[in-house]
Amino acid sequence: MLRTAAGIAQEEGVWKLWQGATPAVYRHIVYTGVRMVTYEHLRDSVLGRAEGESFPLWKAVVGGVSAGAIGQFFASPTDLVKVQMQMEGKRKLEGKPLRFRGVHHAFLKILSEGGVRGLWAGWVPNVQRAALVNMGDLTTYDTVKHFLLLNTTLVDNSVTHSVSSVCSGLVAAVLGTPADVVKTRIMNQPRDKQGRGLLYKSSMDCLIQTVQGEGLMSLYKGFIPTWMRMAPWSLVFWLTYEQIRRLCGVTSF
């Protein structure tokens, strides 16, 4: 991973490591906003968590999976643009012309070539991945945090939040990496004029082809960089989110 990063920095410049940062921010505004509101609503109003009591794991799983799937569905167009723009560096090295001049141009070009349906290309593996990642992230953080509060001497502070976020980042990486491999391959495959993929018929077809052709462990290609990305992101997000809630006078998550 470090050699790859060094190679990109040397051949294309350090700033290319942040290729796709703008659509990534757009994605998280939609994705994180929707998933957090959805999970908390499901947990407190639909699944009926009582304050100060343990919350059944299966209910936390249902909430995490549902929130992740809904959030990612709404954010799929921005995720597609992010992945496509991150592939521009590879096209440049291969001597191919660049396809996009910026985020808005990418949106418009994808829309003109594939229609509205084209903006949701790969949404099924996207949603499947987000469901698994949030089963790891939201479910683990919520479960570990309240387990620590109810069964240890730890109080609701940054230490508890940090321990919970470290656990959530690791579980999210373990559950999400296989889906991430499938999602990336589906979103980067060539498409016909109707926006249909030419290599894989579905996420299950991509999964089967990958395992048959490259072995089961191929689903965990990129696990270390995925974990190294998710771990600090999870730590920063949860610590910041909890502090913002406290400053706004909202109860802890």
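Here the structure is a predicted model, which is why all the values come from computation and not from measurement.

Colleague: It is not clear to me how the overall build of the chain should be interpreted in this structure. Could you clarify?
Modeller: Tallying secondary structure elements over the chain gives nine helices and zero strands in all. Taken from the N to the C terminus, the helices and strands of the chain come in the order α-α-α-α-α-α-α-α-α. Within the chain, the proportion of its 253 residues that are buried is 40%. Expressed as a percentage of contacts within the chain between residues at least 6 apart in sequence, the contacts between residues at least 24 apart total 72%. As presented, the chain carries roughly 13800 Å² of accessible surface, and 66% of it is formed by carbon and sulfur atoms.

Colleague: Sorry, what's going on with the packing of helix H7 (residues 158–188) against helix H9 (residues 223–247) here?
Modeller: The geometry of a pair of packed helices is captured by two quantities: the angle between their axes and the separation between those axes. At a minimum axis separation of 8 Å, H7 and H9 run at an interaxial angle of 140°. As H7 runs across H9, the sense of the crossing is right-handed. Of the residues in H9, those in contact with Ser158, His161, Ser162, Ser165, Ser168, Gly169, Leu170, Ala172, Ala173, Val174, Thr177 and Asp180 of H7 are Phe223, Thr226, Trp227, Arg229, Met230, Ser234, Leu235, Trp238, Leu239, Glu242 and Gln243. In the contact of H7 with H9, the residues fall into ten nonpolar, ten polar and three charged.

Colleague: I tried to follow the environment of Asn157 on my own but got confused; where do I start?
Modeller: Tracing the sequence through the fold places Asn157 in the loop between helix H6 (123–151) and H7. Separated by 82 residues in sequence, Asn157 and Leu239 place their C-alpha atoms 9.3 Å apart. Polar contacts involving the side chain of Asn157 include one to the main-chain amide nitrogen of Val159, which spans 3.1 Å.

Colleague: Help me out: how do you make sense of the side chain of Thr177 in this one?
Modeller: Relative to the elements of secondary structure, Thr177 occurs in helix H7. With residues near it in sequence (within four places) discarded, Thr177 still touches Leu219, Tyr220, Lys221, Phe223 and Thr226.

Colleague: Teacher, can you tell me more about a nonpolar patch on the surface here?
Modeller: A cluster of nonpolar side chains, namely Leu170, Val174, Met217, Tyr220, Ile224, Trp227 and Met228, defines an oily patch on the protein surface of about 650 Å² accessible area. Listing elements by their share of the nonpolar patch, those giving two or more residues are H7 and H9. No other element matches the three residues that H9 contributes to the nonpolar patch. You can see Ile224 is positioned in helix H9. Classification of Ile224 as partly exposed rests on a relative accessible area of 46%.

Colleague: What is the right way to look at the environment of Asp205 in this model?
Modeller: Residue placement: Asp205 occurs in helix H8 (residues 203–214). Residues Asp205 and Val182, 23 residues apart in the sequence, show an inter-C-alpha distance of 9.5 Å. Setting aside residues up to four positions removed in sequence, Asp205 forms contacts with Leu199 and Tyr200.

Colleague: What should I look at first to understand the nonpolar core in this one?
Modeller: General note: in soluble globular proteins, nonpolar side chains tend to be found buried as a group. The biggest cluster of nonpolar side chains holds twelve residues, and these are Met36, Tyr39, Leu47, Phe55, Ala60, Ala67, Leu138, Tyr141, Phe237, Trp238, Tyr241 and Phe253. Those elements that provide at least two residues to this core are helix H2 (21–46), helix H3 (57–86), H6 and H9. When residues in this core are grouped by element, the largest group, three residues, is from H9. Beyond its immediate sequence surroundings of up to four residues, Ala67 is in contact with Arg35, Thr38, Tyr39, Leu42 and Leu138.

The rules behind these values
- Residues numbered from 1 in each chain as written.
- Predicted model: local features only at pLDDT ≥ 70, side-chain atom pairs only at ≥ 80, totals over all residues.
- Heavy atoms only, no water.
- Helix = DSSP H or I, 4+ residues; strand = E, 2+ residues; numbered from the N terminus.
- Buried < 20%, exposed > 50% of the residue type's maximum accessible area, 1.4 Å probe, protein only.
- Contact = heavy atoms within 4.5 Å.
- Areas by Shrake-Rupley, 256 points an atom, 1.4 Å probe, with all protein chains shown as cover.
- Axes fitted to C-alpha atoms, helices over the stretch in contact; angles between N-to-C directions.
- Left-handed = near helix turned anticlockwise from the far one by under 90°.
- Nonpolar A, V, L, I, M, F, W, Y, C, P; charged D, E, K, R; others polar.
- Polar contact = N/O pair within 3.5 Å; in protein donor to acceptor, adjacent residues only side chain to side chain.
- Patch = residues over 30% accessible without salt bridge, like charges linked within 9 Å, V, L, I, M, F, W, Y side chains within 5 Å.
- Salt bridge = Lys/Arg side-chain N within 4 Å of Asp/Glu carboxyl O.
- Core = buried A, V, L, I, M, F, W, Y, C linked by side-chain atoms within 4.5 Å.

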